[in-house]
Amino acid sequence: MTTIDNLVQIDHVTFGYDRSRTILTDVSLQFPRGNVVAIMGSSGSGKTTLLRLIGGVVRPQSGSILFDREPVDPSDTDKLFALRRRLGMLFQFGALFTDLSAFENVAFPLREHTDLPESMIRDIVLLKLNAVGLRGAASLRIAELSGGMGRRIALARAIALDPELIMYDEPFAGLDPISLGVTANLIRRLNDATGATSIIVSHDVDECFQICDYAYLISSGRIAGHGTAAELRASEDPEVRQFIRGEPDGPVPFHYPAQPIGQELGLPS
Amino acid sequence: MEKRNVETLVGVFVVLGALALVFLSLKAANLASFSFDSTYSVTARFDNVGGLKIRAPVKSAGVTIGRIKSISFDDKNFQGVVKLELDRHYQFPTDTSAKILTSGLLGDQYIGLEPGADDKSLQPGDSIKLTQSAVVLEDLIGKALYGKAAESGGRQREGAK
Amino acid sequence: MNPLNVLAALGARALWLLTSLGHASLFFVELVRHTPAALRRFDLSLVQIHAIGNLSLVIIVTSGASVGGVLALQAYYALDRYGAAESVGLLVALSLLRELGPVLTALLFAGRAGTSLTAEIGLMKAGEQLAAMEIMAVDPRSRVLAPRFLAGIISMPLLSAIFSAVGVAGGYVVAVKLIGIDSAAFWSQMQDGVDVFKDVGNGVVKTIVFGVASTFVALYIGYESDATPEGVAQATTRTVVISSVSVLILDFLLTSLMFSTRP
């Protein structure tokens, strides 16, 4: 087997916010350089937590996370700082700074981390906004943007420093069909044009399969299945099948645990 | 908001605050009084300093010409030692007397200087020899009662004669 | 009711209180630790001083003038009975400088600036803005919290000075212009009785302490608030209550320290 160059590697990670709740149990994922990899699963399965682990926001109880072959250590602030400059994250609802304009939002990482002159910053910001198709919206205030537009501005901000790793937290959530298409298209094009690696956390199977090279399915903190889009669609695993096909009942039950209905209604058995 | 505008407005705010502080210090408080003019110190000893406080005024002919710098106790003579700071512009003869007076009936106490007739003036560090202590209310009442008692006793004896 | 349960509940509550106190203290230490960063990025603090200080001026000035005027009015009625009406100025000035200026400014500050700080920080946290900053390798404590903390500490003394000054002016208008007390007597009585260091100075010290306390409370409660509309609403109410109570308790402590009847 040829050694794949993984930009990010998660090895046997177990994580829980406190002792009572374990979010992830012994999960291992690889994210090869230049690929778009999707992490799918239902809400609360631990997908977003994986992004936080990669970004060094939280530390796993066991296992390791490697970024460019270096371990991610939340306590080493200098290393963490350097790591975070190499990645960009698109939050679920944009997480734009509401007190700044669209332009100012995209300029933020440039102003904070570089000593570039204002004229250069302006050029870079306009180029990034152009890449997401919103150069004309630069002077708008965040409140004036629609959901889809806000998401794209946030994307422009995430790529302002040309990161090697771009992470997307539910980028397709709540978008209309046109914005969906635009966003999916952008993610793929950006990835290929800049040579970056992208990780998409989403539960939108169709959009993800259209653009990703590989996908993992997380269920109850474990990897339920992984493979290319074709492999997953063809999978016989019941958990994978239920999720991919969107079947209402299966390993993930339809009914929330409750007494038998006869008992609840007081019917004679 | 334009950066320049914000900076200007904050500057105005700070200036307003500073002005308010200056106004309070000068108009409302006693900063304007001569405390920072050049002064010289003299001492005065009293049997009883009464309710004299530090920074109480030193007046002569009703005009404030100094402040009380410190009040301490001399345990050799068992007297109160008051250090006065007087405005350098005003010289007083060496036989000036210092009295502890009350402003109004129930007001704060201050020191009043009454000039003497000597040619020589008080030098820094000199001591005022003639002093009159504060009037203690209890002594005054006692005197009045005693005086009243003596008077009525005398009249009684006269009447009884 | 099982007495053991009650005891356990009480113990749990006490423990929660203790941990909250510890958590809050650590937050305070972090705020102080990042204040030098706020000084270095003074442009950020400047914007906050504008938001906290300048925009509070209207309420401070109107309240100050009203309080000063009312004080003069009420004081006159009381003092006139003892023939001491000319001391109105002194009473107004001392009340404002020592107590009402610092305390009322702090309470108004808690209501206006404190709640806006709490809501802002709470909503920023809810909208993941602080998390976004963190992942962009920008410390939100230096960039968002510390400048607001610094701005609060700087704004409070200025606002309080303006409050007291406007109050004295308001008292002057009522006492001299409306009631007819002699202007010279008004000012001279005041100047005789008000000491720069004791009254004005101590007042300034009080406002700095109040500024630190109320800004810290506002920021902390905002930072720890729930990311829901109800959560933010509850948080702003809590800010006003806790800020006000803290200010009043601190006022009592400071007053007993500063204005004790030492010789």
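Residues numbered from 1 in each chain as written. Chains lettered and ligands numbered in written order. Predicted model: local features only at pLDDT ≥ 70, side-chain atom pairs only at ≥ 80, totals over all residues.

### Brief notes about the overall build of chain B
Within chain B one finds 2 helices and 8 strands. Helices and strands in chain B line up, N terminus first, as α-β-β-β-β-β-β-β-β-α. Per-residue burial over chain B gives 20% buried out of 161 residues. For chain B, contacts bridging at least 24 residues in sequence account for 64% of all contacts bridging at least 6. (Helix = DSSP H or I, 4+ residues; strand = E, 2+ residues; numbered from the N terminus. Buried ≥ 20, exposed ≤ 12 C-beta atoms within 10 Å, placed from the backbone. Contact = placed C-beta atoms within 7 Å.)

### Focus: the interface of chain C and chain A
Contacts between the two partners involve 10 residues from chain C and, on the opposite side, 13 residues from chain A. Classifying every residue of the side of chain C that touches chain A by side-chain character gives 6 nonpolar, 2 polar and 2 charged. (Nonpolar A, V, L, I, M, F, W, Y, C, P; charged D, E, K, R; others polar.)

### With respect to unusual backbone geometry
All names here are of chain A. The phi angle at Arg-69 is positive, at roughly 70°, despite the residue not being glycine. Here Arg-69 shows up in the loop between strand E4 (62-67) and strand E5 (70-71). By the C-beta count within 10 Å, which is 10 here, Arg-69 ends up exposed. The residue Ala-95 is not glycine, and still its phi comes out positive at about 50°. Here Ala-95 is to be found in the loop between strand E6 (87-90) and helix H3 (102-113). A residue is classified by how many C-beta atoms lie within 10 Å of it, and Ala-95, with 24 of them, is buried.

### Things to note about the confidence of the model for chain C
When pLDDT is averaged across chain C, the result is 90; 98% of the residues are at 70 or more. Model confidence for the complex is summarised by a pTM of 0.79, with the ipTM given as 0.83. (pLDDT = per-residue confidence, 0-100.)

### A few points about helix H3 (residues 57-80) of chain C
All names here are of chain C. Taking 1.5 Å of rise per residue, the 24 residues of H3 would be expected to cover 34 Å, and the 34 Å separating its terminal C-alpha atoms lies within 8% of that figure. Residues of H3 that are buried: Ile-60, Gly-64, Val-67, Gly-68, Gly-69, Leu-71, Ala-72, Ala-75 and Tyr-76. Against helix H4 (88-126) and helix H6 (140-179) lie the buried residues of H3. (Expected span 1.5 Å × (residues − 1).)

### Focus: the sheet that holds strand E7 (residues 165-169) of chain A
All names here are of chain A. An order of E6-E7-E8-E3-E9-E10 is seen for the 6 strands of this open sheet, with the pairing classed as mixed. Single-partner strands in this sheet number two, and they are E6 and strand E10 (222-227). Ignoring which end each strand starts from, the neighbouring axes of this sheet average 15° apart. Examined bridge by bridge, E6 and E7 share 4 bridges and lie parallel to one another. In the sheet register, Leu-87 faces E7, and the bridge partner there is Leu-165. (Pairing = 2+ DSSP bridges. Axes fitted to C-alpha atoms, helices over the stretch in contact; angles between N-to-C directions.)

### Notes on the sheet that holds strand E3 (residues 63-74) of chain B
Ordered by their spatial adjacency, 8 strands build an open sheet running E7-E1-E4-E3-E2-E6-E5-E8 (chain B), and the pairing between neighbours is mixed. Single-partner strands in this sheet number two, and they are strand E7 (127-128) and strand E8 (130-132) of chain B.

### A few points about the pairing of strand E8 (residues 197-202) of chain A
Two faces belong to every sheet, and in a regular strand the side chains alternate between them. All names here are of chain A. For E8, the tally of buried residues reaches 6 of 6 residues, placing the bulk of the element in the interior. The two faces of E8 match: Thr-197, Ile-199 and Val-201 on one face and Ser-198, Ile-200 and Ser-202 on the other face are all buried. Pairing geometry for E7 and E8, over 5 bridges, is parallel. When the bridges of E8 are listed, Asp-169 appears paired with Val-201. Where the polypeptide runs from E7 across helix H6 (residues 177-194) and back to E8, its parallel neighbour, the crossover connection is right-handed. (Right-handed = clockwise from strand over helix to strand, strands pointing away.)

### Examining the pairing of strand E2 (residues 57-60) of chain B
Residues and elements named next belong to chain B. Taken together, the 4 bridges between E2 and E3 define a ladder with antiparallel strand orientation. Bridge assignment links Lys-59 to a residue of E3, and that residue is Thr-64. Here E2 hands over to E3 after 2 residues, with Ala-61 in that stretch at a positive phi of 55°. Here 2 bridges tie E2 to strand E6 (residues 109-114), and the two strands are oriented parallel to one another. Bridge pairing in E6 places Val-58 opposite Ile-111.

### Re the arrangement of the chains
If you rank the 2 pairs of chains in contact by how many contacts each has, first place goes to chains B and C. Note that chain A does not reach chain B: the shortest distance linking a C-alpha of one to a C-alpha of the other is 10 Å.

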